Amino acid sequence: MSVNKDLHPDRPAECNNLPGQVVLVFQGGGALGSYQAGVYQALHEADIEPDWIIGTSIGAINASLIAGNRRDDRIPKLWEFWRRVESHPGWNFSGFSTGFSDALSNWSILVGGIPGFFKPNLLAHWGMDLPVGSDQAGYYSTMPLQKTLLELVDFGRINREGPRFTVGAAHVRTSEMRYFDSRTSEISVRHVLASGALPPAFPAIRIDGELFWDGGVLSNTPTEIVFDDNPRRDSLIFAVHMWNPVGPEPGSIWEVLHRHKDIQYSSRISSHVVRQTQTHRMRHVISQLAARLSDDDRDSDAVKELASYGCTTRMHVVQLLAPRLSHESHTKDIDFSQSGIRHRWLVLSTRSICWIKSRGRGNLILSKV
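For every chain, the first residue of the written sequence is number 1, and numbering continues from 1 onward in sequence order. Per-residue local features of the predicted model are confined to residues with pLDDT of at least 70, and side-chain atom pairs are confined, for both listing and counting, to 80 or more; whole-chain, interface and lining totals are unaffected and use all residues. Excluded from the side-chain calculation are hydrogens and water; included are all heavy atoms of the structure.

A. A look at the overall build of the chain. Across its full length, the chain holds 13 helices and eleven strands. The criterion used for residue contact is that any of the two residues' heavy atoms lie within 4.5 Å. Of the contacts formed within the chain by residues at least 6 apart in sequence, a portion of 75% connects residues at least 24 apart. Calculation of accessible area relied on Shrake-Rupley with a 1.4 Å probe; when residues are assessed, cover is drawn exclusively from the protein chains displayed. Approximately 17,600 Å² of the chain is accessible, and the part contributed by carbon and sulfur atoms is 55%. Helix and strand assignments follow DSSP, with helices taken as H or I runs no shorter than four residues and strands as E runs no shorter than two, numbered in order from the N terminus.

What follows is the structure in structure tokens.
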């Protein structure tokens, strides 16, 4: 499937003035994924629509809701998904401390799951040594999520007319990252489920006879796939980071757990960008050196092979970092409360709109690679 922007009927004409294809990169992060919905809404309202959406875990789910719907239907379908996965405990302890209320809400999710997302797998609770089989080896079943996605996502549209859609999953046997791309293969709901199959909560998903886990196990911020694409294209990359790479020193066990999870899932954002910058700069150097050679030298097979490692594309990377909210803890990724979801959606949507307006449509660049 081609991803030429001229083939996207949903793409506003204004997007043709942007410096390359528009790429959205969505991390994994459970309930924090409502941040991504807010970012997409901000871009949508600014008439910036994606040519390519890449996601891992909850990022793959949000990406499928965008890629698998017409432009005018994307925000309503995102809202409907997040409405379905809101947790509604059967009690109200608003008069108690925030910590007590949050603990009870989290406990209800762990015990009962979330309608429309996951439900307890009773077999798994008979004992960790019980041979339930690879497809059942998880504390919860994601069959409710499969049903939800089949109702809200048109996978035929993803495979038929774009935008390009890519999800990352970890190959269980080899511990290698695998990207499933609508440009090269047929995408189904199972690919999205595989990208979000975080062990041991969710069982691995079998695709073409092989088992896959959540892509965040290996790479929670799959920006590298844009830089390694073949052929590479000039790109404007919006990378939404939901885990804080920088934070205060923890002063309690509770704060240690929070900081540890932020570090674990932020996936070394800064170092990845620096490394990709260095590699891409080297590609430019190769192209510049090849241009200085004589025509006869450039025509030799050896030089052609070496020159093929170069390119002249430009990558514009916009990193959108979710703010640290008050009263957050290491359980923030299972905060599926209505207030938590809507607050995160709104706060990053508002910040993204302000950021876009402050820079104008002609200068949407945070860092150029």
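B. Just the side chain of Ser57, in detail. With respect to the helices and strands, Ser57 occurs in the loop between β2 (52–55) and α2 (58–67). To sort residues, take the accessible area from a 1.4 Å probe on protein chains only and compare it with the maximum for the residue type: under 20% means buried, over 50% means exposed, and anything in between is partly exposed. In this structure Ser57 comes out as buried when scored by relative accessible area, which is 13%. Leave out the neighbours within four places in its chain, and Ser57 touches Gly28, Ser195, Gly196 and Asp214.

C. Structural context of the confidence of the model for the chain. In the predicted model, the chain carries a mean pLDDT of 85, and 86% of its residues have values of at least 70. Across the chain, helix α7 (residues 189–195) holds the top mean pLDDT of 98, while strand β11 (residues 367–368) sits lowest at 42. A residue's pLDDT is the predictor's confidence in that residue, given on a scale from 0 to 100. The low-confidence segment residues 1–9 (pLDDT under 50) makes 27 contacts with residues lying over four places distant or belonging to another chain.

D. Spotlight on the pattern of salt bridges. The rule for a salt bridge is simple: a side-chain nitrogen of Lys or Arg has to be within 4 Å of a carboxyl oxygen of Asp or Glu. On inspection of all chains with the given rule, the structure shows 26 salt bridges. The shortest N-O distance in the salt bridge between Asp181 and Arg164 comes to 2.6 Å. Here Asp181 is found in strand β6 (residues 177–181), whereas its partner Arg164 is found in strand β5 (residues 164–171), with 17 residues between them in sequence. Take Asp181 and Arg164: they sit in the same class, and that class is buried. In this structure, Asp335 and Arg344 form a salt bridge, with 3.1 Å as the shortest nitrogen-oxygen distance. The network of salt bridges with common partners includes Arg259, Asp262, Arg324, Glu328, Lys332, Asp335 and Arg344.

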